[in-house]
Amino acid sequence: MRVMAQMAMVMNLDKCIGCHTCSVTCKQAWTNRSGVEYVWFNNVETRPGQGYPRTYEDQERWRGGWTLGRRGRLKLKGGGRLRKLLTIFSNPKLPSIDDYYEPWTYDYENLTTAPQQEHTPVARPKSLISGKDMKISWSANWDDDLGGAPEHGAKDPLLKNIADKVKFEFEQTFMFYLPRICEHCLNPSCAASCPSGAIYKRSEDGIVLVDQDRCRGWRMCVSGCPYKKVYFNHRTGKAEKCTFCFPRIEVGLPTVCAETCVGRLRYIGLVLYDADKVLEAASTPDEHDLCEAQREVLLDPEDPRVQREAERAGIPRDWIEAARRSPIHALINTYRVALPLHPEYRTMPMVWYIPPLSPVVDIVRDTGHDAEDHGNLFAAIDALRIPVEYLAELFTAGDVEPVNAVLRRLAAMRCYMRDINLGREPQESIAEKVGMTGEQLYDMYRLLALAKYDERYVIPPAHAEQAHGLEELATECSLDYEGGPGMTGSGPFGESSGGPSPIAVENFRMLRDRQTTDTVAAPVDKGSRVNLLNWDGKGQPDGLFPPRDRPGGGDPAGEGEPKP
């Protein structure tokens, strides 16, 4: 047993109202600069729908994630080292700007400077790429609230596995919202796809990051990620992705998207997992067993043996205590109501979802029956197999039974709590029907409906004595060892070059200073540096040569200042 810690998130889809507050605040915090106008580290999709980028779930087209070879060993669906070597200068499996959307702004100045006239002036949409007038036809949330409409819903890649009759009936059944961020997988295919080894998984908390100094802009990570949550900054020539707001996490604060979530649907916490079981779980032959295999990788933090092994692995005691109080482990393995997104990609995602029950309740209510009666509600879940099948395509590789079990537990909680709220004696038989006790149903209700801030976000701050470990950024993937499929080791793809780049453990004051500084990032002379990958060879960019304040160039005394 090799115990490791992982920061994880669970989202309760019953609570998402599609307000996009999480997307906007994430955009302002992380991608509000030039080169990433089209990028949304957090986006909210309407399902059914095409998603962002369009049809990203169609892996027959994009070839993302992992697959099993003939001998049952994991291999990248997009091909291994040889294929990457042959296509390294021409990667054909990349979404185009049309698959994302062409970013735009509006000519607001025309509104404020237009003279008095008969007709009302307009603010024309202007492309942020070309600067020309454009006609808006697609964006990151274009099928918002229209996902079930025939024009958009029929293009959902998940519906190709369901009969035409099912598609037609499903479009009339319900829609729901699906917020998405990087999954920070236990077995990230983006890291394994990177030829330069720039993407790494931090050993202390499992957050997947991009080393901007090592990134060479090959964009193989964009192709390798099946969730398409790695993006290319066309101004810097570097890959960027969701960082799980690690500067906030290190000081015990939740991510920006979770902090600002209006519906309070996000839960963040630490889980312990057995790194030695990741390869075996990801290689599970039957796709329907992948969800349960991933659950078994997570360890019980109440187990004294797990606690001993965690301490032996160097995990601080307060982190182990945080894992014991974690809402993530409770929702995944104690109450078993959270499911991973597309486990068939075999990346072992660590952002889990509680499937929505509300549409089922609404349909029962519309029939004139008591929607809170457990007999009616259980029967409705069994009868509404069409939406359950769609949820199964999202969360259990098409296996309906685990989704049915989750919905029945959520329905049982609703029915059980109804008796308590009305002052009646609770029925233990309701809990027994779903394999739980009344006490467990009540605790689950408290966590899902009444949990306070410090119960939803159990985030242990990083330790000052771990600062040296936090500086070692060239952390290997969980599967990157002899015989494993990881590609960040030695060889033509993934050689480690140079020393690791330091990142310090931030405190509140350092976090404030970093967020209010005039420079984009330290060091202070970064603005005068030149990225030769983006230089078109014309002119003389500032910083390319030493300043010419004195004959011979340079300033030996170190007293001169570079030209602006």
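Residues numbered from 1 in each chain as written. Predicted model: local features only at pLDDT ≥ 70, side-chain atom pairs only at ≥ 80, totals over all residues. Heavy atoms only, no water.

- For the protein, an unreviewed UniProt entry supplies the name Nitrate reductase beta subunit and the organism Amycolatopsis lexingtonensis.
- In its Subcellular location (unreviewed entry) section, the UniProt entry covering the protein states "Cell envelope". (UniProt positions renumbered as here; feature names shortened; annotations may be inferred.)

**Things to note about the pattern of salt bridges**
At step 1: Inspection of every chain in the model, using the stated rule, returns 22 salt bridges.
At step 2: Among the ionic pairs, Glu302 bridges to Arg324, the shortest N-O distance being 3.1 Å. Of this pair, Glu302 sits in the loop between helix H13 (290–297) and helix H14 (304–312) while Arg324 is found in helix H15 (residues 317–324), placing the two residues 22 residues apart along the sequence.
At step 3: Judged by its relative accessible area of 32%, Arg324 falls in the partly exposed class.
At step 4: Connected via shared salt-bridge partners are Glu45, Arg47, Glu57, Asp156 and Arg180. (Salt bridge = Lys/Arg side-chain N within 4 Å of Asp/Glu carboxyl O. Helix = DSSP H or I, 4+ residues; strand = E, 2+ residues; numbered from the N terminus. Buried < 20%, exposed > 50% of the residue type's maximum accessible area, 1.4 Å probe, protein only.)

**A few points about the packing of helix H20 (residues 400–421) against helix H22 (residues 438–450)**
At step 1: One way to put it is that H20 packs onto H22 with a least axis distance of 9 Å and a crossing angle of 95°. Viewed along their axes, H20 and H22 adopt a mutual orientation that is roughly perpendicular. Counted together, Arg409, Leu410, Ala412, Met413, Tyr416, Met417 and Ile420 of H20 and Gly438, Leu441, Tyr442, Met444, Tyr445 and Leu448 of H22 form the full contact between these two elements.
At step 2: Taken together, the residues that form the contact of H20 with H22 break down as 11 nonpolar, one polar and one charged. (Axes fitted to C-alpha atoms, helices over the stretch in contact; angles between N-to-C directions. Parallel < 35°, antiparallel > 145°, perpendicular 65-115°, else oblique. Contact = heavy atoms within 4.5 Å. Nonpolar A, V, L, I, M, F, W, Y, C, P; charged D, E, K, R; others polar.)

**Points about the packing of aromatic side chains**
At step 1: By the definition in use, this model includes 15 aromatic pairs.
At step 2: Between Phe89 and Trp218 the ring centres are 5.5 Å apart and the planes differ by 75°, which places this aromatic pair in the edge-to-face class. Here Phe89, found in the loop between helix H3 (81–86) and helix H4 (97–100), pairs with Trp218, found in the loop between strand E9 (208–210) and helix H9 (220–224); they are 129 residues apart in sequence, far enough to count as distant.
At step 3: Assessed through its relative accessible area of 74%, Phe89 is described here as exposed.
At step 4: Overall, the relative accessible area of 27% leaves Trp218 in the partly exposed class.
At step 5: Grouped by ring-pair contacts, the aromatic residues Tyr38, Phe41, Tyr52, Tyr100, Tyr101, Trp104 and Tyr231 constitute a single cluster. (Phe/Tyr/Trp six-rings, centres within 6.5 Å; stacked < 30°, edge-to-face > 60°.)

**Some details on the nonpolar core**
At step 1: Counting residues in hydrophobic clusters, the biggest one holds 133 residues, and the most contacted among them are Val10, Leu272, Leu331 and Phe395.
At step 2: Beyond its immediate stretch of four places on either side in the chain, Leu272 contacts Val3, Met4, Ala5, Val297, Leu298, Leu299, Pro301, Val306, Ala310, Ile315 and Ala323. (Core = buried A, V, L, I, M, F, W, Y, C linked by side-chain atoms within 4.5 Å.)

**Some points on the pairing of strand E14 (residues 351–354)**
At step 1: Residues of E14 alternate between two faces, with Val351 and Tyr353 on one and Trp352 and Ile354 on the opposite face, all of them buried.
At step 2: Here two bridges tie strand E13 (residues 339–340) to E14, and the two strands are oriented antiparallel to one another. Across the sheet, residue Leu339 finds its bridge partner in E14, namely Tyr353. (Pairing = 2+ DSSP bridges.)

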